Amino acid sequence: MANVATNPAVSHEDQLIEELGYNDHFHDHHHGDRYQSNFVTTYIFSQDHKIIAKQFLITGMFWAIIGGLMSLVFRLQLGFPEESLAWLKPVLGKWIVVNADTGIGTLAPDFYYALVTMHGTIIVFFVLTAGLSGTFSNLLIPLQLGARDMASPLLNMLSYWFFFLAGVVMFFSLFLSTGPFSGGWTAYPPLSILPQASSGSASGMTLWLVSLVFFVVSVLLGGINYITTVLNLRTKGMSMWRMPLTVWAFFITAVIGLLSFPVLASGFFLVMFDRNLGTSFFLSEIYIGGKALEHVGGSPVLYQHLFWFLGHPEVYIIILPAMGIVSEVLSVHSRKPIFGYKAMVYSMLAIAFLSFIVWAHHMFMSGVNPFISNFFVIFTLIIAVPSAVKVFNWIATLYRGNVRYTAASLFGIGFVSMFISGGLTGIFLGNSAIDIQLHDTYFVVAHFHIVMGIAAFFGMFAGIYHWFPKMYGRFMNETLGKIHFWGTMIGAYLIFWPMHYIGMAGVPRRYYRFDTFQSFSHFDELNKFITIAAVVTFAFQLLLVINFFYSIWKGRKVTEKNPWQASTLEWTTPINPGHGNWPGNLPTVQRWPYDYGKDGRDFIPQIEPIGPDETPDRH
Amino acid sequence: MTALLVLLSIVLITIFTIQIGKVTELASKIRGEEEMQDIINRRQSVYMIVFMVVFLVAATASGLYYKNYMLGFGPLQPASAHGGSLDTMFKVTLFFTGIVFVITQILLFVFAFKYRARRGTVSSFISHDNKLEVIWTIIPAVVMTFLVVGGLDAWNEVMADLTDEEDYIEIEATGFQFGWNLRYPGPDGQLGAKSFKLISGSNPLGQDWKDKKNLDDFHPGEIVLPKGKKVRVRITAQDVLHNFYLPHFRVKMDAVPGMPTYFVFTPIKTTDEYRQELSNYPEYNVPADPKDPASKMLWEVFDYELACAELCGRGHYSMRRVVRIVEPDEFEAWQAQQQSYFFSNVRGKEDDPWKGVVLEGEVAAPAAPAPTDTTSTQK
């Protein structure tokens, strides 16, 4: 937090809202309503977007810890296969197989695959979709648009509780005797459909499907709300081209989600039919468990098309909110407009559109007609262009700025570095010829972990540190935040960079052990290194968790409304905004959100009218 | 006991963390916010530059250290005719992305360092620059086009199926949980028809013995192929998805139950030749068994391998077959030695549909087997 000198603009801003704000008679009919009247309606079944945002965040953090711990367990098995995991037996029970003679415990292969599957499912869906866009879309859309709340607070509340329900079902599946689902987060049939192919495909798969159908409902309810709010509840003067990039990102993400998640759900329903009703959408000519199955005429490849039709947009659903957050954080902390605001918006729109026509780059080696792969290569490499433009814009935002280092801005800068690294390896994989060798190897694992497992997380962390004061009226500890950053930045690169080399050497992913093949046995030392790096980096995340929860009650109090000196509307509410966000009028908007350093002034809030001598707006 | 220690450590770390937090808050109160932020800005910006240097050096150094595992470098040379074009695409892509990587990472961290907030300075109000933006949109677009054209050129050539006029060997690999059943066409050069409904203990692939093309097919325990001859691998799966993956040959294709797939390639290096090339690298001039110094060298025991590259259940990591590439005459000799599965296991038995018929290559039909039980053996 920088400039401490009492900012005269604080009361000036209140004045502006009082004089120029929009009176929607909100508080005339507020008294006497039963909204937020008891503990349950205030904190549990809340319909206030700010509480719902916190619910998404904390639930997301819970799942991040679970998903992260799972990765540590299977990394221990991979990196140190000779060491005993018997000490995990009290927690993992029969899934740790202890050799009667040596006493050495190993992870059962079935459960290794279950952990890998659950890790992917939990982090992609529960943490990076719900925990990232659920949190920040809910928190920021009404606040940054000058709205009282979301268009439908009731649907908003339901969207969180469907997410919670999805989590309960998934959590329950971890304790089944046949084990949780273990066919990869991608759940390709026939493996995922046939219980005789894998014990995880018994009840574990059923619960996995139920959980994710509830999850899709949550995403759709949330998405409809975000879109409606952005289109209809912008305050006076807030045209689309005056929205902060965060809101643009959340809006575009919601549209992508609305169009793509139903396809995933439909794929899952067809899987349920194949499993339970004897249909053959995805099955044909199978001999398993000593008998030929009745199913004929279906195709496993059809499932892959349906899955990846969501699967690819899904990764943009994950990264776009992080990108929006980083644009905002870098701009505020560099005291400079985001470079190329319009280009940033057009890039996101281009990425959103293109994301729907590249899905089969996940299927180059699936047996699809190689001819169609041509189109998917072309569009995949085209999508690199708007992504590159965004990277250049972030770098240019720092150029000749006045960069203030906070935990938030550090994670913003770290995001750009990670997105460069991870995005560039996507160019290798998007080229089908190269993908022949690299498909399903550790090269792919390295690529998606760097863009999702690190970059998207960094966006989320930047958002947490930056908007914590808005959420709780207190600051998180900055020093701990910086230590968290450096530990994670260094550690994360140490974990995933080596995986590129392993992948290029041809080592396949989803292998329980590598010593069955001469060709894949060269990397014992590197695997140990990766495992140790993973344990250490995960430990650094504890700093965030401790910092977060401690600061909710004991963090340094926010004393002025706009601690980061930002121009956007969320900082014009009282420090602890109540229901309805603004106590009196709604603010009206007079300018775009990035007037930092204009005409020699540190910043000009969006609510301030254009001055008579001001340089005309030419952004 | 361990649990208690772990719990205690977590509690201690938590307390420790909170104390660090409190101390730093105090320090910043004492120094004053502005001055503290100034110190932080200076310090963090230096860390940025240090990180950049260490990162780029480590990335380059580790790349050089692991060069021998990168596609197209070192000992893992492609053993197929098309592999070279894939490796070249990789190198070209590495060249372009490498340049972008270095430039953007440097600019990012140098700007973060150089433009740290200093008291008394103001940032420049630069919101966009049309000319610059056009340039940095066009250049990536051009590079991408170049990569697309090169890549698709290679792709369409590699993935094209063969016409009947071309001279090639066809073999079949069937993935199952958890291994590969291999089938060669035998002297007639043609694989016979099979159906999953016919699979049984004595007929692991479900071959239809009424189809005469099946009668000379044999099931080897390893893939043996002649150098220099085109091979079309017919790839099928019995139960779930598998993937036929030959890392050294740059061959990879999903095995889908109900939908046969294929991959065409030409081996260009015999196993012996590849071993000779490996012997030039120090990492292969070590005993194959680290615990037995007298064992053969790693390069001497090298074998091409077939692996599965699509998650297929608990044994996914163990589906191994050896692949041996030999000189054409050795291949002929090996092929001549192989026994047809039908004649070794089925002829004259229950499932034999040709009982009483003299088949090509036979002198007389074998006698019908004596009935071993009262159940009718009529098919």
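The rules behind the values
Residues numbered from 1 in each chain as written. Chains lettered and ligands numbered in written order. Predicted model: local features only at pLDDT ≥ 70, side-chain atom pairs only at ≥ 80, totals over all residues. Helix = DSSP H or I, 4+ residues; strand = E, 2+ residues; numbered from the N terminus. Buried ≥ 20, exposed ≤ 12 C-beta atoms within 10 Å, placed from the backbone. Contact = placed C-beta atoms within 7 Å. Core = buried A, V, L, I, M, F, W, Y, C linked by C-beta atoms within 7 Å. Domains from an automatic or database assignment. Nonpolar A, V, L, I, M, F, W, Y, C, P; charged D, E, K, R; others polar. Pairing = 2+ DSSP bridges. Axes fitted to C-alpha atoms, helices over the stretch in contact; angles between N-to-C directions. Parallel < 35°, antiparallel > 145°, perpendicular 65-115°, else oblique.

(A) Structural detail: the overall build of chain B. Each helix and strand counted, chain B has 7 helices and 9 strands in total. Considered along the principal axes of its C-alpha atoms, chain B spans approximately 105 × 65 × 50 Å. A buried classification covers 36% of the 379 residues belonging to chain B. The contacts in chain B between residues at least 6 apart in sequence include a share of 64% that link residues at least 24 apart.

(B) Main features of the nonpolar core. Counting 286 residues, the largest nonpolar core has Ala322(A), Phe411(A), Phe415(A), Ala455(A), Ala456(A) and Ala462(A) as the members making the most contacts within it. The element that contributes the greatest number of residues to this core is helix H5 (residues 109–145) of chain A, accounting for 22 residues. Taken domain by domain, this core gets at least three of its residues from each of domain 1 (12–118) and domain 2 (169–346) of chain B.

(C) Spotlight on the interface of chain A and chain B. The interface is formed by 105 residues belonging to chain A together with 97 residues belonging to chain B. Tallied by class, residues from the side of chain A that touches chain B come to 64 nonpolar, 29 polar and 12 charged.

(D) Quick peek at the pairing of strand E9 (residues 321–326) of chain B. All names here are of chain B. Inspection of the sheet shows strand E3 (residues 223–226) paired to E9 by 4 bridges, in the parallel sense. Paired with Leu 225 across the bridge in E9 is Ile 325. The sheet contact formed by strand E8 (residues 304–308) and E9 spans 3 bridges and is antiparallel. Of the residues in E9, the one forming a bridge with Glu 305 is Val 322.

(E) Layout of the environment of Pro75(B). Residues and elements named next belong to chain B. Tracing the backbone shows Pro 75 in the loop between helix H2 (33–65) and helix H3 (83–114). The exposure class assigned to Pro 75 is partly exposed, which follows from the 17 C-beta atoms found within 10 Å. Residues Pro 75 and Tyr 284 lie 209 residues apart in sequence; the distance between their C-alpha atoms is 9.2 Å. Those residues in contact with Pro 75 that lie beyond four places of it in its chain are Asn 68, Glu 277, Leu 278, Tyr 281 and Tyr 284.

(F) Local environment of the sheet that holds strand E7 (residues 261–265) of chain B. All names here are of chain B. The 4 strands lie next to each other as E2-E1-E4-E7, forming an open sheet whose pairing is mixed. Each edge of the open sheet carries a strand with a single partner, namely strand E2 (179–183) and E7. Here the average twist between neighbouring strands, direction ignored, is 25°. The pairing of strand E1 (residues 169–176) with strand E4 (residues 231–237) spans 7 bridges and is classified as parallel. Of the residues in E4, the one forming a bridge with Glu 170 is Arg 232.

(G) Quick peek at the domain arrangement of chain B. Residues and elements named next belong to chain B. We note that the domain assignment places domain 1 (12–118) and domain 2 (169–346) within chain B. The C-alpha-based centres of domain 1 and domain 2 are spaced at 43 Å. In this complex, domain 1 contributes 11 residues to the contact, which on the side of domain 2 involves 17 residues. Among the residues forming the side of domain 1 that touches domain 2, the class breakdown is 6 nonpolar, 5 polar and no charged.

(H) Just the packing of helix H15 (residues 478–504) of chain A against H2(B), in detail. Relative to each other, H15(A) and H2(B) sit at 10°, their axes nearing to 12 Å. For the element pair H15(A) / H2(B), the angle class is roughly parallel. On H2(B), the residues touching Lys482(A), Trp486(A), Tyr493(A) and Trp497(A) of H15(A) are Gln44(B), Tyr47(B), Phe55(B), Ala59(B) and Ser62(B). Counted by class, the contact of H15(A) with H2(B) contains 6 nonpolar, 2 polar and 1 charged residues.

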